[in-house]
Amino acid sequence: MTTVFALLDDAQASAEDPRSRLYTGYAHQHICHDAASLTSVWAAVAADLAAGLHAVLLADYAWGVRLQGLTLAPDHPPGALRFLMFRALTPCSGAQVEAWLAAQSPSLSEPPWPVAWSPEVSEALFAERIERIHALIRAGETYQVNHTFGLQAEMEDPGDAGVGLYRCLRQRQPVPFGALIVEPDQSVLSFSPELFVRHHAGRLSTKPMKGTAARHLNDPERDAAAAAWLERDPKNRAENLMITDLLRNDLGRLARVGSVRVPQLFQVEAHGALWQMTSTVEAEPLPGTDLPAVLRALFPCGSITGAPKHHTMQLIQTLEDGARGLYTGAIGWVDAPLPGQSLAEFCLSVAIRTVVLGPATASAEGPLRRPARLGVGAGIVLDSVASDEWRECQIKASFVR
């Protein structure tokens, strides 16, 4: 029987600041299937937190579509919000995480990689949909659409629930919001660089990410030039500003008057083989704000929908064939409130750069096989060039190849 555990893995965690979190001793889960039950499900989770259990949150994108009162495409699964409850939480440094992973999967020799990652759409179909998005923008339907698709593969069952694969990939893609979550029917291997929303000591913060450039790790001069180009590029700055403004407005629905601010704008950060442009938005929540209120105001994150958010989410249902699943949803931890606070402490990432391994099945060739899926996407505006956006999606997926 598979042992259920969750590792929330910060690549910068140190012995002095062990921010990574290892959850063991699985107890049970709470599942929210629809918006109407969110309050009651959260009450059950809050009671477990008060009793000393620890919560890991996983939210599917489709659940967020329904949370916002929108209708899913007919063939898209409804998705869910889940809280996995654990008895034990161990803070870890990066070295402790590596030691624990090595104990679960001692060998770092090449794990059973997928033979090939196959995109669910062709480049020609992708370009056709970019043209459709451009037509919608010209018609005044939207300003920006985050258009996504999946890549699928099949791999030999590694027999370690994907731990060895996670160990290798985390070396290629060190990020602040890594996650390895193992359940009986799936494993989630996430390498997200993007904060969705965090609450700590009375402050909400979000850090939308828009703008990507490939790094040149073996050429410091070209690498610095790529970062400088991204920081100055008008298109990337415009996309970033549009989504930053969207998140500022979303946070404003929960905030004390005058408390919303943008302390950092157009900051370029290195994450593995990519440069990413981020901005930071902060706010002080109104008294009585709880986690369901935060999710209703912010989820799904505007950086993976587009703007304006609500109508663009409707358009996405007509533009994308495959359901996103956990991709572009959220992953993170939820703790009980600090003394004197009513809002739970929590930190959620946007579930991008995320591989989901399905259950192992018998294969005619002999070894058990596991399906794997990775989502990728790009923010499309009127001056987006389809071939450039397709190339950007390939760059984002390059860490698994």
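Computed from a predicted structure; not experimentally measured.

Calculation rules
Residues numbered from 1 in each chain as written. Predicted model: local features only at pLDDT ≥ 70, side-chain atom pairs only at ≥ 80, totals over all residues. Heavy atoms only, no water. Helix = DSSP H or I, 4+ residues; strand = E, 2+ residues; numbered from the N terminus. Rg over C-alpha atoms; globule rule 2.2 N^0.38 Å. Buried < 20%, exposed > 50% of the residue type's maximum accessible area, 1.4 Å probe, protein only. Contact = heavy atoms within 4.5 Å. Areas by Shrake-Rupley, 256 points an atom, 1.4 Å probe, with all protein chains shown as cover. Lys, Arg positive; Asp, Glu negative; His and termini not counted. Charge placed at Lys NZ, Arg CZ, Asp CG, Glu CD. Salt bridge = Lys/Arg side-chain N within 4 Å of Asp/Glu carboxyl O. Axes fitted to C-alpha atoms, helices over the stretch in contact; angles between N-to-C directions. Parallel < 35°, antiparallel > 145°, perpendicular 65-115°, else oblique. Nonpolar A, V, L, I, M, F, W, Y, C, P; charged D, E, K, R; others polar. Phe/Tyr/Trp six-rings, centres within 6.5 Å; stacked < 30°, edge-to-face > 60°. Polar contact = N/O pair within 3.5 Å; in protein donor to acceptor, adjacent residues only side chain to side chain. Pairing = 2+ DSSP bridges. 1 Å grid on protein atoms, 1.4 Å probe; cavity = no way out; pocket = protein on both sides within 12 Å on 5 of 7 lines; lining within 4 Å. Points joined across faces, edges and corners; volume = space filled by probe spheres on them.

Trainee: What am I meant to see in the overall build of the protein here?
Mentor: Summing up its helical and strand segments, the protein has 10 helices and 18 strands in all. For the protein, whose C-alpha radius of gyration is 20 Å, the value lies close to the compact-globule estimate of 21 Å for 401 residues. Once the C-alpha set of the protein is aligned to its principal axes, its extents read approximately 55 × 55 × 50 Å. Residues classed as buried in the protein amount to 55% of the 401 residues present. Considering only residue pairs separated by 6 or more positions, the protein has 75% of its internal contacts joining residues 24 or more positions apart. For the protein, the exposed surface amounts to about 16,200 Å²; the carbon and sulfur share of it is 54%. Averaging the locations of the 34 positively and 43 negatively charged side chains of the protein gives two centres separated by 3 Å.

Trainee: Help me understand the pattern of salt bridges in this model?
Mentor: Side chains that differ in charge, positive against negative, can pair when their charged atoms come close. Enumeration according to the criterion identifies 22 salt bridges in this entry. Across the pair Lys207 and Glu269 runs a salt bridge, and its minimum N-O distance is 2.7 Å. On the criterion of sequence distance, the pair formed by Lys207 in the loop between strand E10 (203-206) and strand E11 (209-214) and Glu269 in strand E12 (residues 261-271) is long-range, its members being 62 residues apart. With relative accessibility at 14%, the residue Glu269 sits in the buried group.

Trainee: Mind showing me how you'd approach the packing of helix H1 (residues 38-50) against helix H8 (residues 291-298) here?
Mentor: Between two packed helices, the angle of one axis relative to the other and the distance separating the axes together describe the packing. Here H1 crosses H8 at 135°, and the two axes come no closer than 9 Å. Taken together, the axes of H1 and H8 lie oblique to each other. Between H1 and H8, the contacting residues are Leu38, Thr39 and Trp42 on the first element and Leu291, Pro292 and Arg296 on the second. Of the residues belonging to the contact of H1 with H8, the class tally is 4 nonpolar, 1 polar and 1 charged.

Trainee: So what exactly am I meant to see when it comes to the environment of Asn240 here?
Mentor: Note that Asn240 resides in helix H7 (residues 234-252). Sequence separation between Asn240 and Gln276 is 36 residues; the distance between their C-alpha atoms is 10 Å. Once you skip the residues sitting within four places of it in the chain, Asn240 turns out to touch Pro208, Lys210, Leu265, Phe266, Met277, Thr278 and Ser279.

Trainee: When you look at the packing of aromatic side chains in this model, what are you seeing that I'm missing?
Mentor: Two numbers describe a pair of aromatic rings. These are the distance of the centres and the angle of the planes. Following the criterion strictly, the structure yields 11 aromatic pairs and no others. Where Tyr166 meets Phe191, the ring centres are 5.0 Å apart and the plane angle is 25°; that geometry is what we call stacked. In this pair, Tyr166 sits in helix H5 (residues 163-172) while Phe191 sits in strand E8 (residues 187-192), placing the two residues 25 residues apart along the sequence. Look at Phe196 and Phe299: their rings are 6.0 Å apart centre to centre, the planes differ by 55°, and that puts the pair in the tilted class. Remark: Phe299 occurs in the loop between H8 and strand E14 (306-307) and Phe196 occurs in strand E9 (residues 195-200); sequence separation between them is 103 residues.

Trainee: Help me understand the environment of Thr289 in this model?
Mentor: Structurally, the position occupied by Thr289 is in the loop between strand E13 (274-283) and H8. Linking Thr289 and Gly164, residues 125 residues apart in sequence, is a C-alpha distance of 41 Å. Sequence-distant contacts of Thr289, defined by excluding residues within four places in its chain, comprise Leu254, Val294, Ser342 and Leu343. Only 2.7 Å separates the side chain of Thr289 from the backbone oxygen of Leu286, close enough to count as a polar contact.

Trainee: Even after reading the chapter, I still don't get the pairing of E9, so can you show me in this structure?
Mentor: Taken residue by residue, a regular strand's side chains alternate between the two faces of the sheet. Pairing between E9 and strand E16 (residues 345-350): 4 bridges, direction antiparallel. If you follow His199 over to E16, its bridge partner there is Phe346. Relative to E10, E9 runs antiparallel, the two sharing 3 bridges. The partner of His199 across the bridge, within E10, is Leu204. Connecting the antiparallel pair E9 and E10 is a turn made up of 2 residues, with Ala201 showing a positive phi of about 50°.

Trainee: Would you mind showing me how to read the pairing of strand E4 (residues 81-92) here?
Mentor: Strand direction decides the pairing type here: strand E2 (residues 20-32) and E4, joined by 11 bridges, are antiparallel. For Gln29, the partnering residue across the bridge sits in E4 and is Leu84. Pairing geometry for strand E3 (residues 54-59) and E4, over 6 bridges, is antiparallel. Paired with Val56 across the bridge in E4 is Leu84.

Trainee: Got a minute to help me understand the layout of surface pockets in this structure?
Mentor: Rolled over the atoms, a probe sized like a water molecule indicates the empty space that remains. Here the largest pocket defines a volume of roughly 500 Å³. In terms of lining, the largest pocket is formed by 24 residues, of which the most central are Arg19, Ser20, Arg21, Trp333 and Cys347. Going through the elements one at a time, strand E1 (5-9), E2, E4, strand E7 (177-182), E9, strand E15 (330-335) and E16 are the ones with two or more residues in the lining of the largest pocket. Its volume calculated, the second largest pocket comes out at about 420 Å³. Forming the walls of the second largest pocket are 22 residues, and the residues nearest its centre are Asp60, Gln186, Gly325, Leu326 and Val356. Of all the elements in the fold, those that place two or more residues in the lining of the second largest pocket are strand E17 (354-357) and strand E18 (369-380). Examining the composition of the lining of the second largest pocket, we find that 5 residues originate from one element, E18, more than from any other. For the lining of the second largest pocket, the residue count by class is 12 nonpolar, 5 polar and 5 charged.

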